[in-house]
Amino acid sequence: MIGWIGRFASGLGLAACDPGSIGQRAIQTPSGPSIIRKTDQVLVSQGQEIYQQHCAFCHGDQAQGDPVWRKPGADGLYPPPPLNGAGHAWHHPTRQLHEMIRNGSQPGQGNMPAWDGKLSAAEIDAVITWFQSLWPDQVYAAWFDREQRFQ
């Protein structure tokens, strides 16, 4: 077992050295099928850079969100939620995550600004790819099942 883990970790290290590499691993979804979780490291790196520049101020440098994100603030609006898999972002299909970033919070819900005109569609997709890369396999697999239902 230790030999396998060492080889796996070594392989991850080698993949991380290749800026265009795509990490892959099989994960089980709650509905049963096994999927291949692909991680394009170039896109993840781009997303992280964009996130740190534009999103970290509110959502935290590790996408941890506000600790009391479930409770409206004094203004009646919800604080920024975690995007790292600990919040509810995984409940939303990619298109809805993209729209939320592009258009901002719905009136009366939160203070998320609209990033339309500030971030391109490709930049928004890169940010989503980055924070999804933080999701534990179980969260990603549950999101994947939901994503399939919305297609």
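This structure is a prediction, so every number in the text was calculated from the model and none was measured.

Cut-off values and rules
- Residues numbered from 1 in each chain as written.
- Predicted model: local features only at pLDDT ≥ 70, side-chain atom pairs only at ≥ 80, totals over all residues.
- Heavy atoms only, no water.
- Helix = DSSP H or I, 4+ residues; strand = E, 2+ residues; numbered from the N terminus.
- Buried < 20%, exposed > 50% of the residue type's maximum accessible area, 1.4 Å probe, protein only.
- Contact = heavy atoms within 4.5 Å.
- Areas by Shrake-Rupley, 256 points an atom, 1.4 Å probe, with all protein chains shown as cover.
- pLDDT = per-residue confidence, 0-100.
- Core = buried A, V, L, I, M, F, W, Y, C linked by side-chain atoms within 4.5 Å.
- Phe/Tyr/Trp six-rings, centres within 6.5 Å; stacked < 30°, edge-to-face > 60°.
- Lys NZ or Arg CZ within 6 Å of the ring centre and 35° of its normal.
- Arc of directions from axis to C-beta.

Draft legend 1. Inspection of the overall build of the protein chain at higher detail. A tally of regular secondary structure across the protein chain gives six helices and two strands. Element order for the protein chain, N to C, with α for helix and β for strand: α-β-β-α-α-α-α-α. The burial tally for the protein chain puts 32% of its 151 residues in the buried class. Residue pairs at least 24 apart in sequence account for 51% of intrachain contacts in the protein chain once pairs closer than 6 positions are excluded. Within the structure as shown, the protein chain displays about 9,200 Å² of accessible surface, and the carbon and sulfur contribution to it stands at 57%.

Draft legend 2. Representation of the confidence of the model for the protein chain in the model. For the protein chain, the mean per-residue pLDDT works out to 86, and 85% of the residues sit at or above 70. When pLDDT is averaged over each helix and strand of the protein chain, the minimum, 36, is found for helix α1 (residues 2–17) and the maximum, 98, for helix α3 (residues 56–59).

Draft legend 3. Structural view of the nonpolar core. Ranked by internal contacts, the top residues of the largest apolar core, which has 25 residues, are Y51, F131 and W135. With six residues, the single largest contributor to this core is helix α5 (residues 121–133). Those residues within four positions of Y51 in sequence are excluded, and the remaining contacts are A56, H59, G60, D61, A63, L83, V127 and W130.

Draft legend 4. Looking closely at the packing of aromatic side chains. Throughout the structure, instances matching the rule amount to four aromatic pairs. Ring centres of Y51 and W130 lie 4.5 Å apart, and the angle between their planes is 40 degrees; on these two criteria the pair is classed as tilted. With Y51 in helix α2 (residues 41–54) and W130 in helix α5, this pair connects stretches of sequence that are 79 residues apart. Per residue, the accessibility class of Y51 equals that of W130, and both read buried. When the centroid spacing of 6.0 Å and the interplanar angle of 65 degrees are considered together, the rings of W135 and W143 count as edge-to-face. The same class applies to W135 and to W143, which are both buried. One aromatic cluster in this structure is built from F131, W135, Y140 and W143. The positively charged end of K118 is found above the aromatic ring belonging to W115, 5.9 Å away from the centroid.

Draft legend 5. Focus on helix α4 (residues 94–103). Buried within α4 we find L97, H98 and I101. All buried residues of α4 project into a common sector of 100 degrees when viewed along the axis, lining one side. Residues of α4 that are buried sit in contact with α5. Two residues or fewer after α4 comes G104, characterised by a positive phi angle close to 80 degrees.

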